[in-house]
Amino acid sequence: MKSTEYVIYLRKSSEDKKKQVQSLWDQLRACLDYAKQHNLNIKKRPLDFSMYETDKDILEQWNLKDERDKKLFRDNDHLFIVKESYSWKDSGTRKKWWALTKYLISMDWAVWLMSYSPDRQSRNLVEAWELIEMVEKVWMELRYPTFHFENNASWKMMLGIWFVLSKQYVDNLKETSTRGSKSAHGKWTALWYHKHGYEINDNKYHEPWQHFDLIRKAFEMKIYENKTNVQIIRYLNAKKYTYKHWDELKSISNNTIKTIFEDSFYYGIFSYGGESIDLREYNPHFKPIITEQEYNKLTAMYQANKSNKELKERKKEYEEILPFSRRFIKTWDNYSISGYIPSFKERFPDRLKKMQEKNPKLQMIDIIKDHQIIFKVWCKKSNLAGYEVSYEKLKPYILKELKKLKLNEEHYEMYATYIQTSYKQQKEENNKTRQTLQIQRNNIDKEMCEFIEKCLGKERNSNEEEVYQKKLRYYQSTLDWLDSDINALNTKDRDIVFEFQILSEFLKKAEHYYLKASYVQKRKIHEILFSNIIITPKNISIKPREGLEGLFNLKWQAH
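All values reported here derive from a predicted model rather than from experimental measurement.

## Description of helix α1 (residues 24-37)
Moving on, step 1. Taking 1.5 Å per residue, 14 residues should reach 20 Å; α1 reaches 20 Å between its end C-alpha atoms and fits that length.
Moving on, step 2. Of all the 14 residues making up α1, 10 are buried; the element is thus mostly covered by neighbouring parts of the structure.
Moving on, step 3. Along α1, the residues that are buried comprise Leu-24, Trp-25, Asp-26, Gln-27, Leu-28, Arg-29, Cys-31, Leu-32, Tyr-34 and Ala-35.
Moving on, step 4. Asn-39 occupies a position one or two residues after α1 and carries a positive phi of about 55°.

So, in structure tokens, the structure goes:
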């Protein structure tokens, strides 16, 4: 057997371009960095690469406008990297993808697949299901820089949940946007807190504020003058810089300045809840403080700092244990409830090290128990200041909510009506389109037969014969095109039924999946299904993600 080598698959949809932050080159950069970090080998491209790249594609890439992207392409042109710009809302439409999967299966464990995230591989449930089956049958191993995945039963289950519910969420959000009850950019307006150097205007957009130039100067001192954080803080304090934090004016601190320098918001990428948007395209009021090149330079400076990198890794290890992402749990008066593990450093690292002597594969998340994860309201201004609750006490409420996720035919019809994309409506639309296409096909077919009949028995010189053959090719290509569209509609009808079957199967087992999930997996389930948890003195309220409200009863009493 050959050593394990990975093929990289990159995809950027041909639709909804403004909603896509990561270009093909950004995705490639992330994949290559991930491979280097984990010592993974990327396979060299085969001599015949025509299935994945045309001469036109190669020429365009050799003449990219962005010098950084051009260098990235030229440095890695020898590697097996498949790039595809195509929407994947319907199954069976991607020639490159299916040629690649067929190749991977034929390699028999020698080559594996890496992508930026699972949605780069599939955004329709039929092909997502087929991908999971390929993993299940050990035909394929998957790696993602942005999505932790392991080839075992638990993570295959998580990948299925991700595909199914993310698909529902994306489609429902699009439907909501289409009918006008939510503006296309509403989800990406500012949150409840200000970014440094910006204010939130009446339309809830971030726009430059009075300290904009001062924050810009802080970035310049770090990037171009290599000043320490302490020196920059002294400069800002001398300029009497303060910022608003929960109705309180505060001076800049070391942790705050580090947070600013590590935030991609300041060059234009706003990330929240596992998703991102390019404000430079989406927010007419936004003005970046730094360029993307300056941000990358700053990031490289931080990565070169070994102690800072180690601290960041320790912080990441700690955060991955918590079942809720930052700001997921809030008080009714809008204060965050932060998670922590008492005596974490003193109790667990040595214990883990001792247990790893018997089981080297054990990780920190394997030895933490539900009752050891505590969520506390630290802010003294909150009416629930000092309130504590363990994950062990929160978990039954989440399970109670998950029990409601049972989708039978009656529920589906109600849900379909709610999101205005019922199977019946879709099929009626497909039938109308199919009838129109069939009429066009019949007319073309009739016209072609009449043309052939008219030309039968006539002598033609070479020029006339060329015109005759050209006309026949036109008719045939038009018929092929119409047949292709009709077949695509038939596939859509099949996919609608199949997608509902897949969705139903996962939702019926949601509680079972959750109980078997690790803390990392639980956090992913929370992010997919829920928007947040709100705790009041008497009640607990769980808010579903937008577009999934119809599957849940929004509130229930805490006991």
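## Overview of unusual backbone geometry
Moving on, step 1. Located in the positive-phi region is Lys-240, a residue other than glycine, with phi close to 60°.
Moving on, step 2. Assignment of secondary structure puts Lys-240 in the loop between α8 (229-238) and β7 (242-245).
Moving on, step 3. Judged by its relative accessible area of 70%, Lys-240 is exposed.
Moving on, step 4. Although it is not a glycine, Asn-334 adopts a positive phi angle of roughly 70°.
Moving on, step 5. With respect to the element layout, Asn-334 can be found in the loop between β11 (329-331) and β12 (338-340).
Moving on, step 6. Taking relative accessible area as the criterion, Asn-334 reaches 29% and is therefore assigned partly exposed.

## Some details on the sheet that holds strand β13 (residues 374-376)
Moving on, step 1. If you trace the 3 strands from one edge of the open sheet to the other, you get β12-β13-β14, paired in antiparallel fashion. Since the sheet does not close on itself, it has two edges, and those belong to β12 and β14 (388-390), each with one partner. For this sheet, the mean inter-axis angle between neighbouring strands, taken without regard to orientation, is 30°.
Moving on, step 2. Those strands touched by helix α14 (residues 391-402) are β13 and β14, and its axis lies near 70° from that of β14.

## Here's the deal with the side chain of Ser-390
Moving on, step 1. Along the chain, the position of Ser-390 falls in strand β14.
Moving on, step 2. Setting aside residues no more than four positions away along its own chain, Ser-390 makes contact with Asp-370, His-371, Ile-373 and Ile-374.

## Overview of the packing of helix α2 (residues 55-62) against helix α3 (residues 67-76)
Each pair of packed helices can be summarised by the angle the axes make with each other and by the distance between the axes.
Moving on, step 1. Where α2 meets α3, the closest approach of the two axes is 9 Å, and the angle between their N-to-C directions is 125°. The angle between α2 and α3 places the two elements in the oblique class. Between α2 and α3, the residues in contact are Ile-58, Gln-61 and Trp-62 and Lys-70, Phe-73 and Arg-74, respectively.
Moving on, step 2. The residue makeup of the contact of α2 with α3, split by class, is 3 nonpolar, 1 polar and 2 charged.

## Quick look at the sheet that holds strand β3 (residues 111-115)
Moving on, step 1. If you trace the 4 strands from one edge of the open sheet to the other, you get β2-β1-β3-β4, paired in parallel fashion. On the outer flanks of this sheet lie β2 (81-85) and β4 (142-143), each paired with one strand and no other.
Moving on, step 2. One ladder, built from 5 bridges, connects strand β1 (residues 5-12) with β3; its direction is parallel. Within β3, the residue paired with Val-7 across the bridge is Leu-113.

## Some words on helix α7 (residues 212-223)
Moving on, step 1. The end-to-end C-alpha distance of α7 is 17 Å, a good match for the 16 Å that 12 residues give at a rise of 1.5 Å each.
Moving on, step 2. In terms of burial, α7 is a largely internal element, 9 of the 12 residues being buried.
Moving on, step 3. Where α7 is concerned, the buried positions are Phe-212, Leu-214, Ile-215, Arg-216, Ala-218, Phe-219, Met-221, Lys-222 and Ile-223.

## A short note on the pairing of strand β16 (residues 539-544)
Two faces belong to every sheet, and in a regular strand the side chains alternate between them.
Moving on, step 1. Pairing geometry for strand β15 (residues 530-535) and β16, over 5 bridges, is antiparallel. Bridge assignment links Ile-533 to a residue of β16, and that residue is Ile-542.

## Side note on the pattern of salt bridges
Moving on, step 1. Counted under the stated rule, the structure contains 16 salt bridges.
Moving on, step 2. The closest approach of N and O atoms between Glu-67 and Lys-70, which form a salt bridge, is 3.5 Å. You can see Glu-67 and its partner Lys-70 sitting in helix α3, 3 residues apart, about one turn around the helix.
Moving on, step 3. The exposure class assigned to Glu-67 is exposed, which follows from its relative accessible area of 53%.
Moving on, step 4. Residues Glu-465 and Arg-460 are paired through a salt bridge, measuring 2.9 Å at the closest nitrogen-oxygen approach.
Moving on, step 5. One salt-bridge network, held together by shared partners, links Arg-45, Glu-53, Asp-77 and Lys-83.

Cut-offs used in this document
Residues numbered from 1 in each chain as written. Predicted model: local features only at pLDDT ≥ 70, side-chain atom pairs only at ≥ 80, totals over all residues. Heavy atoms only, no water. Helix = DSSP H or I, 4+ residues; strand = E, 2+ residues; numbered from the N terminus. Expected span 1.5 Å × (residues − 1). Buried < 20%, exposed > 50% of the residue type's maximum accessible area, 1.4 Å probe, protein only. Pairing = 2+ DSSP bridges. Axes fitted to C-alpha atoms, helices over the stretch in contact; angles between N-to-C directions. Contact = heavy atoms within 4.5 Å. Parallel < 35°, antiparallel > 145°, perpendicular 65-115°, else oblique. Nonpolar A, V, L, I, M, F, W, Y, C, P; charged D, E, K, R; others polar. Salt bridge = Lys/Arg side-chain N within 4 Å of Asp/Glu carboxyl O.

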